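One-letter residues, chain by chain:
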Amino acid sequence: TLKSLAVMIVLELATLSLIPVLYDPQRFNWAARLTTALVFCLCFAFFISELWLSHQPRLKTGGGADSSLETPLTALTTLGLPCLWYAVFGRWKLTRRKRAAAAKIDTLRIDI
């Protein structure tokens, strides 16, 4: 179906964009930002589809399998918004402070 084809394309795009990030995260920072932007778009699409396109009741009626607005809102706030932050700013923290001590640490060489 068209839905399963779209899911497969999105998963392949996420996988292909993560391969260079695993190889060299600082050189391929754009690929990490692309992946986090994709995660935000998926969370936002899930929220929109449950908000407007679902014709089920909005309040949870007690069952765990019931559809409600709580699940997509939780996904959007816990996954989507931090991914949007990283996709826009390229970092997780608010300030851009260089860690000079971490940059100076070299690998330990032991000759036996």
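Refer to the preceding data block for the structure.
First, a word on what this report is: a plain description of the structure on this page. Just so you know, these numbers come straight off a predicted model, no measurement behind them. Each chain carries its own residue numbering, running from 1 in the direction its sequence is written. The predicted origin of the model limits local features to residues at a pLDDT of at least 70 and limits the giving and counting of side-chain atom pairs to 80 or more, whereas totals for whole chains, interfaces and linings rest on all residues. Hydrogen atoms and water are omitted, and side-chain values are computed over all heavy atoms in the structure.

1. Notes on the packing of aromatic side chains
Now for step 1: Any Phe, Tyr or Trp ring, taking Trp's six-membered ring, that has another such ring centre within 6.5 Å forms a pair; planes under 30 degrees apart are called stacked, those over 60 apart edge-to-face, and the others tilted. Applying the stated criterion across every chain, the model contains 3 aromatic pairs.
Now for step 2: Ring plane angle 50° and centroid distance 4.5 Å describe the contact between Trp 85 and Phe 89, whose orientation is recorded as tilted. A residue pair is termed a helical-turn pair when its members lie 3 or 4 positions apart in one helix, as Trp 85 and Phe 89 do in helix 3 (residues 70-89) at 4 residues.
Now for step 3: Throughout this description, buried means an accessible area under 20% of the type-specific maximum (1.4 Å probe, protein chains only), exposed means over 50%, and partly exposed covers the range between. For Trp 85, a relative accessible area of 31% gives the class partly exposed. Numbering goes from the N terminus for both helices and strands, where a helix is a DSSP run of H or I of at least four residues and a strand is a run of E of at least two.

2. A word on helix 2 (residues 29-53)
Now for step 1: Between its terminal C-alpha atoms helix 2 stretches 35 Å, which fits the 36 Å expected from 25 residues at 1.5 Å a residue.
Now for step 2: Within the span of helix 2, buried status applies to Ala 31, Ala 32, Thr 35, Thr 36, Leu 38, Phe 40, Cys 43, Phe 47 and Glu 50. Multiply 1.5 Å by the residue count of a helix minus one, and that product is the helix's expected span.

3. Here's the deal with helix 3
Now for step 1: For helix 3, with 20 residues, the first-to-last C-alpha span of 28 Å sits near the 28 Å given by 1.5 Å per residue.
Now for step 2: To get the bend at a residue, fit one axis to the 7 residues ending there and another to the 7 starting there, then take the angle between the axes. At Leu 76, helix 3 shows its largest bend, some 35°.
Now for step 3: Residues of helix 3 that are buried: Pro 72, Ala 75, Leu 76, Gly 80, Cys 83, Tyr 86 and Ala 87.
Now for step 4: Every residue pair with non-hydrogen atoms within 4.5 Å of one another is taken to be in contact. Here the buried face of helix 3 lies against helix 2.
Now for step 5: Just beyond helix 3, the residue with positive phi is Gly 90, at close to 80°.

4. As for the side chain of Thr 36
Now for step 1: Its location among the elements puts Thr 36 in helix 2.
Now for step 2: Not counting residues up to four positions away in its chain, the partners in contact with Thr 36 are Cys 83, Tyr 86 and Ala 87.

5. Considerations on the layout of surface pockets
Now for step 1: Lining residues are those with an atom within 4 Å of a point, where the points come from a 1 Å grid over the protein atoms alone and group into cavities, where a 1.4 Å probe fits but cannot get out, or pockets, open sets with protein on both sides within 12 Å along at least five of seven lines. Grid points are joined across faces, edges and corners, and a volume is the space filled by probe spheres set on the points. Empty space within the second largest pocket amounts to approximately 200 Å³.
Now for step 2: Broken down by element, the lining of the second largest pocket gets its largest block of residues, 5 residues, from helix 2.
Now for step 3: Of the residues in the lining of the second largest pocket, the class split is 5 nonpolar, 1 polar and 2 charged. Put simply, Ala, Val, Leu, Ile, Met, Phe, Trp, Tyr, Cys and Pro go in the nonpolar bin, Asp, Glu, Lys and Arg in the charged bin, and everything else, Gly too, in the polar bin.

All quantities given are derived from atomic positions and should not be read as evidence of function.
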